[in-house]
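Here is how the chains run, residue by residue.
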Amino acid sequence: MIQYSTLHFIFPHCIYILKIGFYCVIYKHPLIHLYIIIMELYVDTANIEQIRHCAALGFVSGVTTNPSLLAQEDPTIDVKQLLLDIHKTIGGHISIEVISTKKEGIIKEASEILEWCPEATIKIPMIAEGLAACSELAKREIPTNVTLVFSPSQAIAAANAGATYVSVFLGRLDDIGVSSREVLEQICEIWDVQQYDSLIIAASIRHPMHIIDSAAAGAHIATIPYKVLLQSLEHPLTTSGLDRFLADNAKRLAAKK
Ligand code: G3P
């Protein structure tokens with residue numbers, strides 16, 4: 001998961017560059033202990049067209065899926081094939097969720113998933129049986145993503161169960177009148193104090209403000225629905241500014257003739 005770059009070997013006592021996934025980079029100087037962490041962007045979808053576009057964008061480093069997202073796709077489609085196509089198209093991280101709610105069932109399902117998709121991260125619900133399965137999978141060094149996390153105490157339990165990723169749901173907290181920003185900030189603060197290894201995924205993102213909140217709080221990853229991802233790239237002043245640049249360029253070319 002964490003790889004030391006070759007610079008580590010060239011300048012072993014000056015700079016360490018650790019890479020987590022694709023874009024999360026930590027620079028550490030042994031004297032000043034400065035860390036710079038870049039939040040990765042994943043797309044939260046099971047739609048192959050959306051995945052193709054995200055892959056072409058070049059800055060989306062993974063995909064998260066769940067049974068609800070899969071249920072939005074063509075019901076006649078072969079789900080395994082779809083997930084393999086998704087992974088082949090975008091590369092990087094892919095989270096695939098189990099359906100079982102019992103420890104043994106989850107472990108069995110995880111082994112089955114890994115047989116046909118060895119790079120999968122196994123997404124497990126935040127329930128006691130799920131954490132028991134997560135602990136067992138962690139012992140086997142199988143990457144896990146504990147999902148449906150809504151509180152700091154759940155996040156702490158998931159981290160202690162050895163979850164590779166902990167998915168904190170923002171939008172669904174706001175839906176019930178709980179500030180997702182405050183919950184995420186508290187979880188990130190606990191991570192700083194406790195130095196947990198699990199990576200925090202901000203999920204259930206509904207609008208660009210959730211992406212900003214996630215980055216400001218210190219989430220390692222934000223998994224974003226396709227529509228919101230595209231929305232986050234837009235600004236009316238960018239649109240009007242570009243229109244003006246193009247119009248002025250056309251005017252200049254016309255004046256030249
Ligand atoms: O990653 C979790 C996400 O798919 C749930 O989003 O909008 O259904 O709360 P939402």
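Before going into details, it helps to say that this report is about the structure given with it.

About the cut-offs
Residues numbered from 1 in each chain as written. Predicted model: local features only at pLDDT ≥ 70, side-chain atom pairs only at ≥ 80, totals over all residues. Near = placed C-beta within 6 Å. Nonpolar A, V, L, I, M, F, W, Y, C, P; charged D, E, K, R; others polar. Axes fitted to C-alpha atoms, helices over the stretch in contact; angles between N-to-C directions. Helix = DSSP H or I, 4+ residues; strand = E, 2+ residues; numbered from the N terminus. Parallel < 35°, antiparallel > 145°, perpendicular 65-115°, else oblique. Left-handed = near helix turned anticlockwise from the far one by under 90°. Contact = placed C-beta atoms within 7 Å. Core = buried A, V, L, I, M, F, W, Y, C linked by C-beta atoms within 7 Å. Buried ≥ 20, exposed ≤ 12 C-beta atoms within 10 Å, placed from the backbone. Expected span 1.5 Å × (residues − 1). Arc of directions from axis to C-beta. Pairing = 2+ DSSP bridges. Right-handed = clockwise from strand over helix to strand, strands pointing away.

With that settled, the discussion passes to the site of the ligand. Around the ligand lies a shell formed by Asp44, Thr64, Asn66, Leu69, Phe169, Gly171, Arg172, Ala203, Ser204, Arg206 and Thr223. In terms of residue class, the shell around the ligand is built from three nonpolar, five polar and three charged.

On to the packing of helix 9 (residues 180-194) against helix 10 (residues 208-217). The interhelical angle for the contact between helix 9 and helix 10, taken along N-to-C directions, is 25 degrees, at an axis separation of 9 Å. By the criterion of interaxial angle, the relationship of helix 9 to helix 10 is roughly parallel. Taken as a pair, helix 9 and helix 10 cross one another with a handedness that is right-handed. Contact residues: Arg181, Leu184, Glu185 and Cys188 in helix 9; Asp213, Ser214 and Ala217 in helix 10. Taken together, the residues that form the contact of helix 9 with helix 10 break down as three nonpolar, one polar and three charged.

Now for the nonpolar core. The biggest cluster of nonpolar side chains holds 57 residues, and the ones touching the most others in it are Ala158, Val166, Val168, Ile200 and Ala202. Other than its neighbours up to four places away in sequence, valine 166 contacts Val146, Val149, Ala155, Ala158, Ala159, Ser198, Ile200 and Ile201.

Topologically, glutamine 50 is positioned in helix 2 (residues 48-57). Of the residues examined, glutamine 50 has 20 C-beta atoms within 10 Å and is grouped as buried. For the pair glutamine 50 and lysine 227, spaced 177 residues apart in the sequence, the C-alpha separation amounts to 9.1 Å.

Our next topic: the environment of leucine 82. Looking at where leucine 82 falls in the secondary structure, it is placed in helix 4 (residues 79-90). With 18 C-beta atoms counted inside 10 Å, the residue leucine 82 sits in the partly exposed group. In this structure the C-alpha to C-alpha distance between leucine 82 and leucine 70, which are twelve residues apart in sequence, comes to 9.3 Å. Not counting residues up to four positions away in its chain, the partners in contact with leucine 82 are Ala46, Ile48, Glu73 and Ile77.

Spanning 21 residues, helix 12 (residues 236-256) covers 30 Å between terminal C-alpha atoms, matching the ideal 30 Å at 1.5 Å per step. With zero of 21 residues buried, helix 12 lies mostly on the surface of the structure.

What follows covers helix 6 (residues 128-139). When the terminal C-alpha atoms of helix 6 are compared, their 17 Å separation across twelve residues agrees well with the 16 Å that a helix rising 1.5 Å per residue should span. Within helix 6, burial applies to Gly130, Leu131, Ala133, Cys134 and Leu137. One face of helix 6 carries all of its buried residues, which in axial projection span an arc of 160 degrees. Residues of helix 6 that are exposed and angled more than 90 degrees away from the buried face: Ala128 and Lys139. In this fold, the buried residues of helix 6 make contact with helix 5 (103-116), strand 7 (121-125), strand 8 (144-149) and helix 7 (152-160). In the stretch just after helix 6, glutamate 141 is the one whose phi turns positive, near 60 degrees.

What follows deals with the pairing of strand 8. Counting buried residues along strand 8, five of its six residues qualify, which places the element largely inside the surrounding structure. The sheet contact formed by strand 7 and strand 8 spans four bridges and is parallel. Across the sheet, residue proline 125 finds its bridge partner in strand 8, namely threonine 147. In the classification by handedness, the crossover that spans strand 7, the intervening helix 6 and the parallel strand 8 is right-handed. As judged from the three bridges shared by strand 8 and strand 9 (residues 165-169), these two strands associate in the parallel manner. Across the sheet, asparagine 145 pairs through a bridge with tyrosine 165, a residue of strand 9.

Bringing the sheet that holds strand 8 into the picture now. Adjacent strands of a sheet form backbone hydrogen bonds with each other and so pair up, either parallel or antiparallel. Taking strand neighbours around the barrel as the criterion, the eight strands line up as 4-5-6-7-8-9-10-11 in a closed arrangement whose pairing is parallel. Neighbour-to-neighbour, the strand axes of this sheet turn through a mean angle of 30 degrees, independent of strand direction. By the bridge criterion, two bridges tie strand 10 (residues 199-203) to strand 11 (residues 221-224) in an arrangement that is parallel. Paired with alanine 202 across the strands is alanine 222, a residue of strand 11.

Phi is positive for glutamine 195, close to 55 degrees, though the residue is something other than glycine. Secondary-structure assignment places glutamine 195 in the loop between helix 9 and strand 10. The phi dihedral of serine 204 falls on the positive side, at around 55 degrees, and the residue is not glycine. Mapped onto the elements of the fold, serine 204 is located in the loop between strand 10 and helix 10. A residue is classified by how many C-beta atoms lie within 10 Å of it, and serine 204, with 21 of them, is buried.

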